[in-house]
Amino acid sequence: MRAFREAVEAGDLDAVERLLAENVVFTSPVAFRPYPGKAITAAILRGVSRVFEDFRYEREIGAPGSRDHALVFTARVGGRELQGCDFLHLDEDGLIDELTVMVRPLSAAQELAAAMGAQFERIAQEAQAAGSA
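Residues numbered from 1 in each chain as written. Predicted model: local features only at pLDDT ≥ 70, side-chain atom pairs only at ≥ 80, totals over all residues. Heavy atoms only, no water.

Looking at the side chain of His 69
Threshold: Here a strand is any run of E in DSSP of at least two residues, a helix any run of H or I of at least four, and the numbering for each starts at the N terminus. Buried residues are those whose accessible area, probed at 1.4 Å on protein chains only, stays under 20% of the maximum for their type, while exposed residues exceed 50% and partly exposed ones sit between those limits. For this analysis, a polar contact is any N or O atom pair within 3.5 Å, provided that within protein one partner can donate a hydrogen and the other can accept it, and provided that sequence-adjacent residues contribute only side-chain to side-chain pairs. Contact definition: two residues touch when any of their heavy atoms are within 4.5 Å.
Summarising the element assignment, His 69 is placed in strand β4 (residues 68-77). Relative accessible area serves as the criterion here: at 11%, His 69 is assigned to the buried category. Within the structure, the side chain of His 69 is placed 2.9 Å from the backbone oxygen of Ser 66, a separation counted as a polar contact. Aside from chain neighbours lying at most four places away, what touches His 69 is Met 1, Ile 61, Gly 62, Ala 63, Asp 86, Phe 87, Leu 88 and Leu 90.

Below you can see the structure in the form of structure tokens.
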């Protein structure tokens, strides 16, 4: 999805949030349960933007007009290089209603889990503030 990719690459997290459906479900590469809802998903994406370094999309997979897209990326976290993929599904209105992220290798996923764990109190506060706004 070109709009999501461009917003992420520009660091425009407000634009990213506008592309999320209210009922979006975020599936993390490092957590067992998915996170339902726009407020928590946007807060998690803000947290990720704080821990990823040198993030860049390398490839976009999906036909124009399709409701399913994959964006392949590279980044660093805690000195570890990682590869990953954002899998997006769009609802009938063209908003993201499913966002699943996968990363490799395991050592980078573990570093990401630790870095995001350190962010999670702030993420929860941001999500709560957004949900009550």
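Picking up after the structure, the text goes on.
Section: the pairing of strand β1 (residues 20-27)
In plain terms, the rule: We call two strands paired when DSSP finds no fewer than two bridges between them.
As paired strands, β1 and strand β6 (residues 96-104) are joined by four bridges and run parallel to one another. Its bridge partner being in β6, Leu 20 is matched across the sheet by Ile 96.

Looking at unusual backbone geometry
With the exception of glycine, the majority of residues adopt a negative phi angle, and the majority of peptide bonds are in the trans configuration. Each neighbour pair has its own omega, and for Arg 104 with Pro 105 the value is -5°, a cis peptide bond. As for its position among the elements, Pro 105 is in the loop between β6 and α4 (106-132). One non-glycine residue, Asp 54, lies in the positive phi region at around 55°.

Focus: the layout of surface pockets
For the record, the criterion: In this analysis, the protein atoms alone were mapped onto a 1 Å grid. Cavities are point sets where a 1.4 Å probe fits without being able to get out; pockets are open sets with protein on both sides within 12 Å along at least five of seven lines; lining residues have an atom within 4 Å of a point. Grid points are joined across faces, edges and corners, and a volume is the space filled by probe spheres set on the points. Note on residue categories: nonpolar means Ala, Val, Leu, Ile, Met, Phe, Trp, Tyr, Cys or Pro, charged means Asp, Glu, Lys or Arg, and polar means any other residue, Gly included.
Looking at the largest pocket, its volume works out to about 540 Å³. The wall of the largest pocket is formed by 31 residues, among which Ile 44, Leu 45, Val 48, Ser 49 and Phe 52 lie closest to the centre. If you list the elements that add at least two residues to the lining of the largest pocket, you get α1 (2-10), α2 (13-18), α3 (38-51), β3 (53-61), β6 and α4. No other element matches α4, which puts five residues into the lining of the largest pocket. Residue classes in the lining of the largest pocket are distributed as 24 nonpolar, four polar and three charged.

What to know about the pattern of salt bridges
What counts is decided by this rule: Between Lys or Arg on one side and Asp or Glu on the other, a salt bridge is scored when a side-chain nitrogen of the former is within 4 Å of a carboxyl oxygen of the latter.
In this structure the tally under the stated criterion is 13 salt bridges. In this structure, Glu 22 engages Lys 38 in a salt bridge whose closest nitrogen and oxygen atoms are separated by 3.6 Å. Pair noted here: Glu 22 is in strand β1 and Lys 38 is in helix α3, with a separation of 16 residues, a long-range link. We classify Glu 22 as exposed; its relative accessible area is 62%. Under the relative-accessibility criterion, Lys 38 is labelled buried at 19%. A salt bridge links Asp 54 to Arg 76, with the nearest nitrogen and oxygen atoms 2.8 Å apart. Highlighted residues: Asp 54 in strand β3 and Arg 76 in strand β4, separated in sequence by 22 residues. By relative accessible area, Arg 76 is classed as partly exposed at 23%. Through salt bridges with shared partners, one network takes in Arg 2, Arg 5, Glu 6, Glu 9 and Glu 60.

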